[in-house]
Amino acid sequence: MKIDDWDQIWVGAGLATMVADGRSNQEIADGAIALKGDRIAWIGSSAEGEQRAQACGLVVSDAKGIWITPGLIDCHTHLIYGGNRVDDFEQRMSGASYEQIARAGGGINSTIKMTRAATTSSLRDSAAVRLMRLMAEGVTTIEIKSGYGMSLEAEHAMLQVAHDLGRDYPITVRKTFLGLHALPAEYADDRQTFVKLVCGPWLSALHSAGLVDAVDAFCESIAFSVAETAKLLEAARLLDIRAHVHAGQLSELGAPQLAAQYRALSAAHLEFLSAEGAAQIARAGTVAVLLPTAYYTLQQSKPPPIPLLREMGVAMAVATDSNPGSSPCSSILLALNMACSLFGLTPQEALAGVTRNAARALGLESEIGTLEVGKRADLAFFRIVRPAELCYGLGVNPCERVIRGGTARDLRC
Ligand code: DI6
Ligand code: FE
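Report follows, based on the coordinates.

1. Some thoughts on the site of ligand 1
Close to ligand 1 lie 14 residues; Arg85, Tyr98, Tyr148, His181 and Asp321 are nearest. In the model, an oxygen atom of ligand 1 is placed 2.6 Å from a nitrogen or oxygen of the Tyr148 side chain. One of the side-chain nitrogen or oxygen atoms of His246 is found 3.4 Å away from a nitrogen atom of ligand 1. Taking 320 Å² as the accessible area of ligand 1 by itself, protein coverage stands at 100%. Of the residues contributing to the shell around ligand 1, the split by class is four nonpolar, eight polar and two charged.

Encoded structure:
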């Protein structure tokens, strides 16, 4: 037998590899997983793992029945912002709608004001608190959008904070330039100039600074039109930058079709999605990102058409949408629960939504999202009886350990 050159091995674990297995995900009871450097080196049964470890003199760690999943991926967040929106919350609880508050100059525009007024270090510190909560639940990769600066300087500051969080914390950060989020007050009478700036000099400056992994737009009746969104997607295409689109949260404008046309990595929300839109994103391979905590917060009544997405074979991801307005949430486990309880996903589908399909929504499927030999050793260890239990609890965090790139991470970091 070839002597394996491993650094560490766990035996006696349940392995939720999250490799697709028909409509469900592969699970290995009494499994073993070995790591070499920052990679997964071997996966198999406990018995074989023990034998191989003995042959190469490696001490085995007994996982004692714990379940190991790929590190979780929160593929859609607005984690960085100044202040909060408790005012909006009070107004909504007195009957005002999200759209009414936005149209009256509150909503996203009030967060733009607070974000511009905040220091970079306070933006970083407040986002770090949310980041650590997500990390404590086993999140090892997060996407963070800009969009509350809405000037070149302030967008640069947000994306720089996102970059710095990825440098300073043991988590992978993907940075998205959400250039079209809300029209800032100073351009209220000149939308065209704003859109031109975003798609031209701003995108190119931020891209040259290495701060843009993808672009995004809030394509909505209260935000930007399909034609405006198309300008950003086109500008990104010319620079070879992939896109995400906020599509169909509050209205049906045809944003999913536009996302498909540009082969966007993801289309998010999708409460308003036609059969044609679903067919097109299926053909384009665009991942549907479901955001149940935003749906819950805004007390919406029409969930995304999950049976249609299933029928068309659209890959579904689940994310927190962590943001001060429509999803003041720093729990991926709560998003998992609500994906099942409010949207009707099966626990297996929801779990694929924070692993395999979330990786795809970020274009990282060859690196992360499943436990497979050669992939990055990002692992989360949970004290549960089976994987579906991750969707079952409310305010319960069974995460006991996280390995990121082969290295143990302090859960309190
Ligand atoms: N969709 C969202 O869910 C967030 N932005 C967006 O385009 C909400 C942003 C907010 O209300 O602050
Ligand atoms: Fe969002």
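2. Observations concerning the packing of helix H5 (residues 120-136) against helix H6 (residues 152-168)
One can describe the packing of H5 onto H6 by two numbers: an axis separation of 10 Å at closest approach and a directional angle of 55 degrees. Between H5 and H6, the angle is such that the two are oblique. Two packed elements cross with a definite hand, and for H5 against H6 that hand is right-handed. Facing H5, whose interface residues are Thr120, Leu123, Arg124, Ala127, Ala128 and Leu131, H6 presents Val161, Leu165 and Asp168.

3. What to know about the pairing of strand S12 (residues 287-290)
Residues Val287 and Val289 point to one face of S12 and Ala288 and Leu290 to the other, with burial holding for every one of them. Judged from the three bridges that link them, strand S11 (residues 266-269) and S12 form a sheet pairing that is parallel. Across the sheet, Ala267 pairs through a bridge with Ala288, a residue of S12. Handedness of the S11-helix H10 (residues 275-284)-S12 crossover: right-handed. One ladder, built from three bridges, connects S12 with strand S13 (residues 316-318); its direction is parallel. When the bridges of S13 are listed, Val289 appears paired with Ala317.

4. Re H6
With 17 residues, H6 should cover 24 Å at 1.5 Å per step; its first-to-last C-alpha distance of 24 Å lies within 8% of that length. For H6, every residue scored as buried is listed here: Ala154, Glu155, Met158, Leu159, Val161, Ala162, Asp164 and Leu165. Of the surrounding elements, those touching the buried residues of H6 are helix H4 (108-117), H5, strand S7 (139-145), strand S8 (172-180) and helix H7 (191-208).

5. Brief notes about the coordination of the iron ion (ligand 2)
Every protein donor of the iron ion (ligand 2) is listed here as His76 (NE2), His78 (NE2), His246 (NE2) and Asp321 (OD), and their distances to the metal cover 2.1 to 2.3 Å. If you look at the iron ion (ligand 2), its four donor atoms make angles of 82 to 167 degrees with each other, and the shape they trace is irregular. Sequence positions of the residues that donate to the iron ion (ligand 2) give the spacing H-x1-H-x167-H-x74-D. Here His76 falls in the buried class, since its relative accessible area comes to 2%.

6. Topic: the packing of aromatic side chains
Applying the stated criterion to the full structure yields seven aromatic pairs. With centroids separated by 5.0 Å and ring planes inclined at 75 degrees, the aromatic side chains of Tyr295 and Phe343 adopt a geometry described as edge-to-face. Taken together, the positions of Tyr295 in helix H11 (residues 292-297) and Phe343 in the loop between helix H13 (332-341) and helix H14 (347-353) put the pair 48 residues apart, joining distant regions of the chain. Like Tyr295, the residue Phe343 is buried in the burial classification. A network of ring pairs unites the aromatic residues Tyr187, Phe194, Trp202 and Phe224 as a single cluster. Over the aromatic face of Tyr81 sits the side chain of Arg130, whose NZ or CZ is 3.8 Å from the ring centroid. Directly above the ring of Phe381 sits Arg401, whose terminal nitrogen or CZ lies 5.5 Å from the centroid.

7. Notes on the pattern of salt bridges
Pairing between side chains of opposite charge can happen when their charged atoms approach one another. Applying the stated criterion across every chain yields a total of 22 salt bridges. A salt bridge links Arg52 to Asp4; the shortest N-O distance between them is 3.2 Å. Residue Arg52 is found in helix H1 (residues 46-55), and its partner Asp4 is found in the segment before strand S1 (8-21); the two are separated by 48 residues along the sequence. Exposure remark for Asp4: the relative accessible area of 9% places this residue in the buried category. Between Arg167 and Asp168 there is a salt bridge, and its shortest N-O distance comes to 2.8 Å. Given the relative accessible area of 35%, Asp168 is considered partly exposed. Linked through salt bridges whose partners overlap, the residues forming this network are Asp38, Arg39, Glu367, Arg376 and Asp378.

Rules used throughout
Residues numbered from 1 in each chain as written. Chains lettered and ligands numbered in written order. Predicted model: local features only at pLDDT ≥ 70, side-chain atom pairs only at ≥ 80, totals over all residues. Heavy atoms only, no water. Near = heavy atom within 4 Å. Polar contact = N/O pair within 3.5 Å; in protein donor to acceptor, adjacent residues only side chain to side chain. Areas by Shrake-Rupley, 256 points an atom, 1.4 Å probe, with all protein chains shown as cover. Nonpolar A, V, L, I, M, F, W, Y, C, P; charged D, E, K, R; others polar. Axes fitted to C-alpha atoms, helices over the stretch in contact; angles between N-to-C directions. Helix = DSSP H or I, 4+ residues; strand = E, 2+ residues; numbered from the N terminus. Parallel < 35°, antiparallel > 145°, perpendicular 65-115°, else oblique. Left-handed = near helix turned anticlockwise from the far one by under 90°. Contact = heavy atoms within 4.5 Å. Buried < 20%, exposed > 50% of the residue type's maximum accessible area, 1.4 Å probe, protein only. Pairing = 2+ DSSP bridges. Right-handed = clockwise from strand over helix to strand, strands pointing away. Expected span 1.5 Å × (residues − 1). Donors = N, O, S within 2.8 Å, 3.2 Å for Na, K, Ca; no water. Tetrahedral: all angles 85-135°; square planar, octahedral: opposite > 155°, others 65-115°. Phe/Tyr/Trp six-rings, centres within 6.5 Å; stacked < 30°, edge-to-face > 60°. Lys NZ or Arg CZ within 6 Å of the ring centre and 35° of its normal. Salt bridge = Lys/Arg side-chain N within 4 Å of Asp/Glu carboxyl O.

Geometric values such as these leave the question of function open.
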